[in-house]
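Structural characterization, general
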Amino acid sequence: MEDDKYTTELNVAVRAVHMACLLCQKVQKGLLSSTFVDQFKSKDDSSPVTVADWSVQATISWILSETFGCDNVSIVAEEDVQTLSKPESANLLEVVVKTVNECLNEAPRFGLKCPAQALGSTQILEAISRCNSAGGPFGKHWVLDPVDGTVGFLRGSQYAVALALINNSKVVIGVLGCPNYPIKNDWLVKNQPPCQATPELSLTNPGMWEEGCILYTRRGSGEAWMQPLLHGNKKLIWPNSAKLVRVSSIEDPELATFCEPVEQANTNHAFTAGLAHNVGLRKKPLRVHSMVKYAAIARGDAEIFMKFARAGYKEKIWDHAAGVLLVQEAGGVVTDAGGRALDFSKGIYLEGLDRGIIACCGAKLHEKIIGSVYASWDSSNL
Ligand SMILES: Nc1ncnc2c1ncn2[C@@H]1O[C@H](COP(=O)(O)OS(=O)(=O)O)[C@@H](OP(=O)(O)O)[C@H]1O
Ligand SMILES: [Mg+2]
């Protein structure tokens, strides 16, 4: 029985992600109101990285190391300290140090320990670079995407803080903080057009973003839970009004909503449009940044998530681990496009992934989509 396992890990992970979500909301608000200048940089692959990415990674790394011991914790995470350590990033580093310390000061409110004294830049760089584990098939590895969907984050739209625990190749805990995804059922679907068209939404309608949720689950539990994000100075009292979430029961393609990445560079919209047509999906795609797409399936707000990256792109484990387990434990199915389980045992990449990823609320829709991939693939340009 895996039921009682990982209780402490899950408890700490949810609290840490909760703190990280509030940190992100604060930084995002600052970015959108332009009081923060020069707070993001481009990485070598030209994707953006922000104060929030580094600050969340430092914060969660510090909490996990303090709780479980530096020597016992292996963390695989997206960010490194290369850009942040450069002399020209001194101001940026100063903001990260301030942001992390402000966040960790609040730890007791979340039932966690805060540092005895404020952390210095060396300790913070160390916390970030400690997350350089390469993962692998054996032992326990935490997997962290500090800000998944950084593009969405910068646009004032959807993003997620994703933390998972892998034990001997299996994802055993999944926690997904979704700071801009209110608890309200259907919110994502109803608010889709304004979200994308008006990134300033948070400024014109203050408060509406400040809802957010955290989803979490444990392998084998058959349950996925959702807590609201706390606001003001409230103390987190477990289980913080948690409620069970479940995938949608829709099986009819005509009634199903499918999600996909916003950026054409991250998935082939033309191919998924063809698949959707062949399967009989009638609704237009719900384009959402980040692992919030997995959250939408786990919550039952959408039925399908499809992603087909360009040939040669290797999916990273931190972009999927937490979301995949959440969908599975909430009753859904996630595989690659060949119908095989995703393999989290090979280090930082999902090696051997067959073409794309398909997450569905149930087996019937899933089978139809897999069948349609086989039928459409040869005529596609992928
Ligand atoms: N070329 C390419 N192809 C496929 N996937 C890529 C590619 N480049 C990046 N990524 C990864 O996709 C993560 C963002 O996925 P999203 O679904 O949020 O994309 S989108 O913003 O909605 O378009 C994004 O995660 P973050 O870096 O955490 O934002 C990337 O890891
Ligand atoms: Mg990511």
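Analysis parameters
Residues numbered from 1 in each chain as written. Chains lettered and ligands numbered in written order. Predicted model: local features only at pLDDT ≥ 70, side-chain atom pairs only at ≥ 80, totals over all residues. Heavy atoms only, no water. UniProt positions renumbered as here; feature names shortened; annotations may be inferred. 1 Å grid on protein atoms, 1.4 Å probe; cavity = no way out; pocket = protein on both sides within 12 Å on 5 of 7 lines; lining within 4 Å. Points joined across faces, edges and corners; volume = space filled by probe spheres on them. Helix = DSSP H or I, 4+ residues; strand = E, 2+ residues; numbered from the N terminus. Nonpolar A, V, L, I, M, F, W, Y, C, P; charged D, E, K, R; others polar. Domains from an automatic or database assignment. Donors = N, O, S within 2.8 Å, 3.2 Å for Na, K, Ca; no water. Buried < 20%, exposed > 50% of the residue type's maximum accessible area, 1.4 Å probe, protein only.

Naming follows an unreviewed UniProt entry, where the chain appears as 3'(2'),5'-bisphosphate nucleotidase of Oldenlandia corymbosa var. corymbosa. According to UniProt, the comment filed for the chain under the heading Sequence similarities (unreviewed entry) is "Belongs to the inositol monophosphatase superfamily."

1. Overview of the layout of surface pockets
Unoccupied space between atoms shows up once a probe the size of one water molecule is rolled over them. In this structure, the largest pocket spans a volume of roughly 1,300 Å³. The leading source of residues in the lining of the largest pocket is strand β4 (residues 140-148), at three residues. Across the lining of the largest pocket, the residue classes break down as 21 nonpolar, 12 polar and 17 charged. For the lining of the largest pocket, the domains that each give at least three residues are domain 1 (4-245) and domain 2 (253-377). Lining the second largest pocket are 20 residues, with Leu22, Leu23, Gln25, Lys26 and Glu102 positioned closest to its centre. Of all elements in the fold, only α1 (7-32) and α3 (90-105) reach the threshold of two or more residues within the lining of the second largest pocket. Ranked by the residues each element gives to the lining of the second largest pocket, the list is headed by α1, at seven residues.

2. Description of the coordination of the magnesium ion (ligand 2)
Around the magnesium ion (ligand 2), the protein contributes the donor atoms Asp145 (OD), Asp148 (OD) and Asp319 (OD), which lie 1.9 to 2.2 Å from the metal centre. Taking the relative accessible area as the measure of exposure, Asp145 reaches 0% and is therefore buried. For Asp319, a relative accessible area of 16% corresponds to the buried category.

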